[in-house]
Amino acid sequence: MQIHETIASLRAARSKSGRVALVPTMGNLHAGHIALMTVARGHADQVIATIFVNRLQFRPGEDFDSYPRTFAADCEKLAAAGVEHLFAPDEAQMYPQPQSYHVEPPPEQAGILDGEFRPGHFRGVATVVMKLFLIAQPDVALFGRKDYQQLMVIRNMVREFNLPIEIIGGETVRAEDGLALSSRNGYLTTGERAEAPRLYRVITDLANEVRNGAKNYSALESKAMNKLSLNGWTPDYVALRKKLDLQLPSAHDSGLVVLAAARLGSTRLIDNLEV
Ligand code: PAF
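Being a predicted model, the structure only gives us computed values, none of them experimental.

The rules behind each value
- Along each chain, residue indices are assigned from 1 in the same order as the chain's sequence is written.
- Note on the predicted model: pLDDT of at least 70 is required for a residue's local features to be given, and 80 or more for side-chain atom pairs to be given and counted; whole-chain, interface and lining totals, by contrast, use all residues.
- Processing note: side-chain calculations cover all non-hydrogen atoms of the structure and skip hydrogens and water entirely.
- Labels follow the DSSP assignment, with helices taken as runs of H or I lasting at least four residues and strands as runs of E lasting at least two, numbered in each case from the N terminus.
- Under the scheme applied here, a residue whose accessible area is under 20% of the maximum for its type counts as buried, over 50% as exposed, and between as partly exposed, the area being computed with a 1.4 Å probe on protein chains only.
- Should any heavy atoms of two residues lie within 4.5 Å, those residues are considered in contact.
- Only when DSSP finds a minimum of two bridges between them are two strands counted as paired.
- Interaxial angle, 0 to 180 degrees, is taken between N-to-C directions of lines fitted to C-alpha atoms, where a helix line uses only the stretch in contact.
- By definition, a salt bridge exists where a carboxyl oxygen of Asp or Glu is found within 4 Å of a side-chain nitrogen of Lys or Arg.

To continue, consider the environment of Ala251. Tracing the sequence through the fold places Ala251 in the loop between strand 7 (233–242) and strand 8 (256–264). What makes Ala251 partly exposed here is its relative accessible area of 45%. Each residue touching Ala251, except ones within four places of it in the same chain, is listed here: Lys215 and Tyr217.

Written out as structure tokens, the structure is:
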């Protein structure tokens, strides 16, 4: 695997023929990321992974400084997964001067759910993903479905800017007890790690009630939030939304998804499940 720290080096190495897949990450790679690399492999002749902890998508007081950086271990996993190129720029490479142009996703997509609790987060994500797309010029790009709202924002950005890039969402990979794999799971204490699978159980219960015909959506959401609160969580939201645009469903809508974000101790976990 070739490691590129500069845009020029990556551009020179990028294949001029065949399909190129891009898998953007912030590193601290787990089996969910590696599954994305494997899917990428099946869609392209050349796979480019990126590792860049993007300051723009963190709010002051969030975990930018403490975000786990495990570069050597990440490189081993990527090489073992058959990735040809890793783009791992530093901040001076990505933001040689403070980024003054941004991609601003519309508030109805980026100001709800996670965007309500992390204002500006999706602007930071959309801006860095646009930069990575322009740098690597992939034919296909892969993102995990665990970040469901992020995937929606990126799909819409690609469509509205007519970017010639196919976007593929990778399935969420879970631990045996159901907890969605996430770099932030590493922040959990032993006790919190034992409690953490409750988030998936709570959204699974809610999804099952809806599958069985329940229509009292806001009561179901409140019940789910209460279950979390009673067990020591601080939920930001548990929300039943339309898959396509994450807007509120009416009773006759189908194609729904349950999304949740909640804090356990100082760790904020998110998860989702399509109904
Ligand atoms: O999902 C992530 O890890 C990040 O939000 C992404 C897409 C790599 C952009 O920094």
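From this point, the discussion proceeds with the structure in view.
Moving on: the sheet that holds strand 5 (residues 140–144). Hydrogen bonds between backbone atoms are what pair the strands of a sheet, whose relative direction is either parallel or antiparallel. Spatially, 1-4-3-2-5-6 is the arrangement adopted by the six strands of the open sheet, whose pairing is parallel. Only two strands of the sheet have a single neighbouring strand rather than two, namely strand 1 (2–4) and strand 6 (166–170). Averaged over all pairs of adjacent strands, the angle between their axes in this sheet comes to 25 degrees, without regard to strand direction. Packing against the sheet, helix 7 (residues 121–136) makes contact with strand 2 (20–25), strand 3 (46–51), strand 4 (85–87), strand 5 and strand 6, and its axis sits at approximately 150 degrees to strand 2. Contacting strand 5 and strand 6, helix 8 (residues 148–160) crosses the sheet at an angle of about 170 degrees to strand 6.

Scanning the model with the defined rule gives 17 salt bridges in all. Note that Glu62 and Arg118 form a salt bridge whose closest N and O atoms lie 2.7 Å from each other. In this pair, Glu62 sits in the loop between strand 3 and helix 3 (71–80) while Arg118 sits in the loop between helix 6 (114–117) and helix 7, placing the two residues 56 residues apart along the sequence. Overall, Arg118 belongs to the buried group, its relative accessible area being 8%. Where Lys223 meets Glu209, a salt bridge forms, and the shortest distance between an N and an O atom there is 2.8 Å. Of this pair, Lys223 sits in helix 11 (residues 217–230) while Glu209 is found in helix 10 (residues 198–211), placing the two residues 14 residues apart along the sequence. Looking at Lys223, the relative accessible area reads 40%, which means it is partly exposed. Look at Glu209 and you get partly exposed, because its relative accessible area is 27%.

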